[in-house]
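# Per-entry structural report
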Amino acid sequence: MTDVEETSVAGPAALEPVLDLLARRLREGSRPGHRTDGARLALVIEGGSSRATYSHGMAIAVEQLGLLPCFDAVYGSSAGAIIGAFLLAGQSEFSIAGWLHPNLMSTFIRPSRVLRGGVVADIDYLLNTAYVELVPLDAAAALANPVTLHPIATDGGSGAAVDLAPWVSDERSLRTALMASACMPVLAGPPVEFAGRSWVDAGVVENIPFRSAAAGGATHQLVLRTRRPDEVVPPPSRTELRVAGRYLARRAPGALEPWLARHALRGVDETDLLALPAAVQIRPPVGSPVVSRTARDPRLLQRAVNLGREAALAVLAPVAGL
């Protein structure tokens, strides 16, 4: 086992059934909607804004190895949902340009806008300008893919993690659902209105949407992570608690309680993931640089993409016979 494999794969006892299923489906050339194996295999993509450069690199490996048709569904939270949309459009490798474009990231994430009453992360610009004009998402191809996309968002009224797939039917609704999934509290402005409800970032409740995948019938899960296995996540600062707490209490009251509890529940997520009967996690290797949610340095972002791709190839290339 290579160093990358040792540091990037969790759940060794559950490793064989997922990879065996992938290998068998690839070998047999089975397609979504025409399976006979009785399994439902989900690709689960963790969010994290700029930190999702790691899971983006992993998605590129899935694309390059030709493994996407082996899955039945893609579940994504926040940036993970956007990465999933590009993957289903056959554009994972192409969309690296979104992280490296000289103007895109500096326009999307601009802390100085706060001084003028603006937002730090302009989600509307990202989905409706950048991913239309600069790095265009082929929404029609994503929607036509028989592997289904399931963007997860947090319902501002109930505080529940909700799969938005039932309301996605065309390009406009797809882009709005992706905006809802990635609408970070405070940083991205007011909640996104969609399907008669107000939505905030999926990460408030479910940054790793494995529970939504299981609720959707997944029997097997391949989970693309954005944090190293040894990464320590500090609790929110007093300022963050005060500012974000006030924002959620006013704009998305149902999400306040789960947001306040999310740091304490991170350990529960890790334990529950490891307890899944058939799941493989691919994570950035130990020693990988920490990428913040608002990182914009193209060299750092490119390195994270590369490390994510290498970690996924170490696990998945043998499945493809490479």
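Residues numbered from 1 in each chain as written. Predicted model: local features only at pLDDT ≥ 70, side-chain atom pairs only at ≥ 80, totals over all residues. Heavy atoms only, no water.

## Some remarks on the side chain of Thr-53
Position of Thr-53 among the secondary structure elements: in helix α3 (residues 53-64). Not counting the four nearest positions on each side in its chain, Thr-53 is found in contact with Trp-99, Val-291, Leu-301, Ala-304 and Val-305. (Helix = DSSP H or I, 4+ residues; strand = E, 2+ residues; numbered from the N terminus. Contact = heavy atoms within 4.5 Å.)

## Focus: the layout of surface pockets
A volume near 160 Å³ is recorded for the second largest pocket. What lines the second largest pocket is simply Leu-88, Ala-142, Leu-143, Asn-145, Val-147, Thr-148, Leu-149, Pro-151, Ala-165, Val-168 and Leu-174. Every element with two or more residues in the lining of the second largest pocket is listed here: α8 (139-144) and β4 (148-155). Among the elements that take part in the lining of the second largest pocket, β4 stands out by supplying three residues, more than any other. Among the residues making up the lining of the second largest pocket, the classes are represented as nine nonpolar, two polar and no charged. (1 Å grid on protein atoms, 1.4 Å probe; cavity = no way out; pocket = protein on both sides within 12 Å on 5 of 7 lines; lining within 4 Å. Points joined across faces, edges and corners; volume = space filled by probe spheres on them. Nonpolar A, V, L, I, M, F, W, Y, C, P; charged D, E, K, R; others polar.)

## Some details on helix α11 (residues 238-251)
Over its 14 residues, α11 extends 20 Å from the first C-alpha to the last, a length consistent with the 20 Å expected when each residue adds 1.5 Å. All of the buried residues in α11 are Ala-244, Gly-245, Tyr-247 and Leu-248. All buried residues of α11 project into a common sector of 165 degrees when viewed along the axis, lining one side. Residues of α11 that are exposed and point more than 90 degrees away from the buried face comprise Arg-238, Arg-246 and Arg-250. Elements in contact with the buried residues of α11: β7 (197-200) and α12 (256-275). (Expected span 1.5 Å × (residues − 1). Buried < 20%, exposed > 50% of the residue type's maximum accessible area, 1.4 Å probe, protein only. Arc of directions from axis to C-beta.)

## Some points on the environment of Ser-288
For Ser-288, the position within the fold is in the loop between β9 (279-282) and α13 (298-316). Among the residues examined, Ser-288 registers a relative accessible area of 5% and is labelled buried. Residues contacting Ser-288, with those up to four places away along its chain left out, are Tyr-54, Arg-228 and Leu-307. Within the structure, the side chain of Ser-288 is placed 2.6 Å from the backbone oxygen of Pro-285, a separation counted as a polar contact. (Polar contact = N/O pair within 3.5 Å; in protein donor to acceptor, adjacent residues only side chain to side chain.)

## Some thoughts on α13
Taking 1.5 Å of rise per residue, the 19 residues of α13 would be expected to cover 27 Å, and the 26 Å separating its terminal C-alpha atoms lies within 8% of that figure. Turning to α13, its buried residues number three or more, namely Leu-301, Ala-304, Val-305, Leu-307, Gly-308, Ala-311, Ala-312, Ala-314, Val-315 and Leu-316. Taking the backbone nitrogen of Arg-299 as reference, a side-chain oxygen 3.0 Å away marks Asp-297 as the first, capping residue of α13.

## Brief notes about the nonpolar core
If you look at the biggest cluster of nonpolar residues, it comprises 83 residues, and the most contacted ones within it are Leu-22, Phe-71, Leu-104, Phe-108, Leu-222, Ile-282 and Leu-316. Contacts of Phe-71, omitting those with residues within four sequence positions, involve Leu-22, Arg-25, Pro-32, Arg-35, Leu-41, Ala-42, Leu-43, Val-62, Val-147 and Leu-222. Counting 14 residues, the second-largest nonpolar core is a separate cluster that includes Ala-42, Ala-73, Phe-210 and Leu-276. (Core = buried A, V, L, I, M, F, W, Y, C linked by side-chain atoms within 4.5 Å.)

## Some remarks on unusual backbone geometry
Apart from glycine, the bulk of residues carry a negative phi angle, and the bulk of peptide bonds sit in the trans form. Notably, Ser-78 is not glycine yet its phi reads approximately 60 degrees, a positive angle. Note on placement: Ser-78 falls in the loop between β3 (73-77) and α4 (79-88). For Ser-78, a relative accessible area of 4% gives the class buried. For Val-186, which is not glycine, the phi dihedral falls at a positive 70 degrees. Checked against the element boundaries, Val-186 lands in the loop between α9 (171-181) and β6 (192-194).

## Let's talk about the packing of aromatic side chains
On inspection of all chains with the given rule, the structure shows two aromatic pairs. Judged by centre distance (5.0 Å) and plane angle (85 degrees), the rings of Phe-86 and Tyr-131 are edge-to-face. With Phe-86 in helix α4 and Tyr-131 in helix α7 (residues 123-134), this pair connects stretches of sequence that are 45 residues apart. For the residue pair Phe-86 and Tyr-131, the accessibility class agrees, reading buried in each case. On the basis of an interplanar angle of 50 degrees and a centroid distance of 6.2 Å, the ring pair of Trp-167 and Trp-199 is categorised as tilted. In this pair, Trp-167 is assigned in the loop between β5 (161-163) and α9 and Trp-199 in strand β7, connecting sequence segments 32 residues apart. Relative accessible area serves as the criterion here: at 33%, Trp-167 is assigned to the partly exposed category. Looking at Trp-199, the relative accessible area reads 0%, which means it is buried. (Phe/Tyr/Trp six-rings, centres within 6.5 Å; stacked < 30°, edge-to-face > 60°.)

## Some points on the pattern of salt bridges
Side-chain pairs of opposite charge can arise where the charged atoms are in close proximity. If you walk through the whole model with that rule in mind, you get 14 salt bridges. We note a salt bridge from Arg-211 to Asp-272, for which the minimum N-O separation is 2.6 Å. Residue Arg-211 is found in helix α10 (residues 210-215), and its partner Asp-272 is found in helix α12; the two are separated by 61 residues along the sequence. Classification of Asp-272 as partly exposed rests on a relative accessible area of 31%. The salt bridge partner of Arg-228 is Asp-230, with a shortest N-O separation of 2.8 Å. Classification of Arg-228 by relative accessible area gives buried; the value is 13%. Among the ionic contacts, a cluster of salt bridges with common partners joins Arg-25, Arg-35, Asp-37 and Asp-72. (Salt bridge = Lys/Arg side-chain N within 4 Å of Asp/Glu carboxyl O.)

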